[in-house]
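Structure assessment
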Amino acid sequence: MNGNSRIIFLQEILKETIWGGNRLSEYGFDTNGKNCGEAWVISAHKNGDCLIKDSGNGKSTLSWFWKEHPEFFGKSEAETENNPFPLLTKIIDAKSDLSIQVHPDDGYAKKNENGSLGKTECWYILDALPGTKIVIGHNGKSPEETAKMIRQGLWKDFIREIPVKKGDFFYIKPGTVHAIKGGTLILETQQSSDITYRVYDYDRLSNGKPRELHVQQSIDVIASPFIEEEPPRNEAKSVDKEFSQLVSCDKFTVWKAAVKGRLDFVQNQDFLLCTVVEGEGEINGTKIKKGDSFILGKNFGEAEFKGQMELILSSE
């Protein structure tokens, strides 16, 4: 497990949800006919710690590798021992609407959620049915009006919906009200956190009971008024001119790469998380296909993609 030039392939973890569908099977995942809403494809979080494929004993997890081999990630022993693996990549299939939700920032989560990271995230839309919308932001003009609209259940006035289509990208800062709606398939890149505050859940029942809401926490962290912003970018965080940078913030940078025959580049990040979202091909002679997720380490060096593929990649 010591080779810094090796490719670390990961085994996805599937999550059954009340709003999930069956499209995750399109990525080669064995959903066993269940309504799987999420595939955690690169994760070292305690609620879903991905196994490393071909690790010899079949039991090595990403969290273990992060702590045991910090050099692979361009880190010191102290950095990985005292800090969690920072990122989490998911593919999400929403057959029906997710709850209206919001995430806290690092400061609020550390104080109120047992030291957890906050949750900055972003969505690349893999597919969306015609006419599908998405919830991004809200219509409260002030914190006081936002709290009033939530407590009085004025959801039609409060919730802000916009159209969504394949190829769209959304950057979601902590404090942003958001929700994926039915008919949407996305790749999500986020901080390694599982903290979600539900503002509203359409009065749905799970096992005969309404799911828990987090009204006060939501009111605490929602940014009001909502201000629409373009995703930040940073030219200094470039990998290759063929990589299209989608966002670069203080938590992560995300790129899209389209391989049309061949794409060569030098892996110049501390580590690079990669998920094939369309097509198939190979990297340095190793075959890869839609649904595969892998990590290239600090000293990977020259990478050669061949084939017809689309990938979403991320790093710190």
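For clarity, every value in this text was computed on a predicted model and none was experimentally measured.

When their charged atoms lie close together, side chains carrying opposite charge are able to pair. For the structure on display, the rule yields 22 salt bridges. For Lys 241, the salt bridge identified is with Glu 242, shortest N-O distance 3.2 Å. When salt bridges that share partners are traced, they join Lys 75, Asp 270, Lys 298 and Glu 316 into one network.

Below, the discussion takes up unusual backbone geometry. Peptide bonds are trans in most cases, and residues, glycine excluded, mostly fall at negative phi. Pro 225 follows Ser 224 through a cis peptide bond whose omega is -5 degrees. Of note, Pro 225 is situated in the loop between α6 (215-221) and β17 (243-248). The backbone of Tyr 202 shows a phi angle near 60 degrees, a positive value even though the residue is not glycine. Topologically, Tyr 202 is positioned in the loop between β14 (197-200) and β15 (205-206). The backbone of Asp 203 shows a phi angle near 60 degrees, a positive value even though the residue is not glycine. Note on placement: Asp 203 falls in the loop between β14 and β15. What makes Asp 203 exposed here is its relative accessible area of 66%.

The next subject is the nonpolar core. Ranked by internal contacts, the top residues of the largest apolar core, which has 36 residues, are Phe 73, Phe 85 and Ile 295. Counting residues per element, the ones that place at least two in this core are β3 (36-42), α1 (62-68), β6 (87-94), β8 (121-128), β13 (184-191), β17 and β19 (272-283). Ranked by the residues each element gives to this core, the list is headed by β3, at four residues. When near neighbours in sequence (up to four residues on either side) are disregarded, Phe 73 contacts Leu 62, Phe 65, Trp 66, Phe 85, Asp 270, Phe 271, Ile 295 and Lys 298. Counting residues in hydrophobic clusters, the runner-up holds 22 residues, among them Phe 265, Phe 300, Met 309 and Leu 313.

So, about the environment of Glu 68. Along the polypeptide, Glu 68 turns up in helix α1. Spatially, the C-alpha atoms of Glu 68 and Phe 9 are 17 Å apart, while their sequence positions differ by 59 residues.

Attention shifts here to the pairing of β19. Look at any regular strand and the pattern is simple: side chains alternate between the two faces of the sheet. Sheet topology note: the β19/strand β21 (residues 293-296) ladder contains four bridges and is antiparallel. By the bridge assignment, Leu 272 is partnered in β21 with Leu 296. Direction of pairing for β19 relative to strand β22 (residues 301-315): antiparallel, over a ladder of 10 bridges. Along β22, the bridge assignment pairs Gly 279 with Met 309. Judged from the four bridges that link them, β19 and strand β20 (residues 286-289) form a sheet pairing that is antiparallel. Note on β20: the bridge partner recorded for Glu 280 is Lys 289. What sits between β19 and β20 in their antiparallel hairpin is a turn of two residues, with Asn 284 showing a positive phi close to 50 degrees.

Reading the values: the criteria
Residues numbered from 1 in each chain as written. Predicted model: local features only at pLDDT ≥ 70, side-chain atom pairs only at ≥ 80, totals over all residues. Heavy atoms only, no water. Salt bridge = Lys/Arg side-chain N within 4 Å of Asp/Glu carboxyl O. Helix = DSSP H or I, 4+ residues; strand = E, 2+ residues; numbered from the N terminus. Buried < 20%, exposed > 50% of the residue type's maximum accessible area, 1.4 Å probe, protein only. Core = buried A, V, L, I, M, F, W, Y, C linked by side-chain atoms within 4.5 Å. Contact = heavy atoms within 4.5 Å. Pairing = 2+ DSSP bridges.

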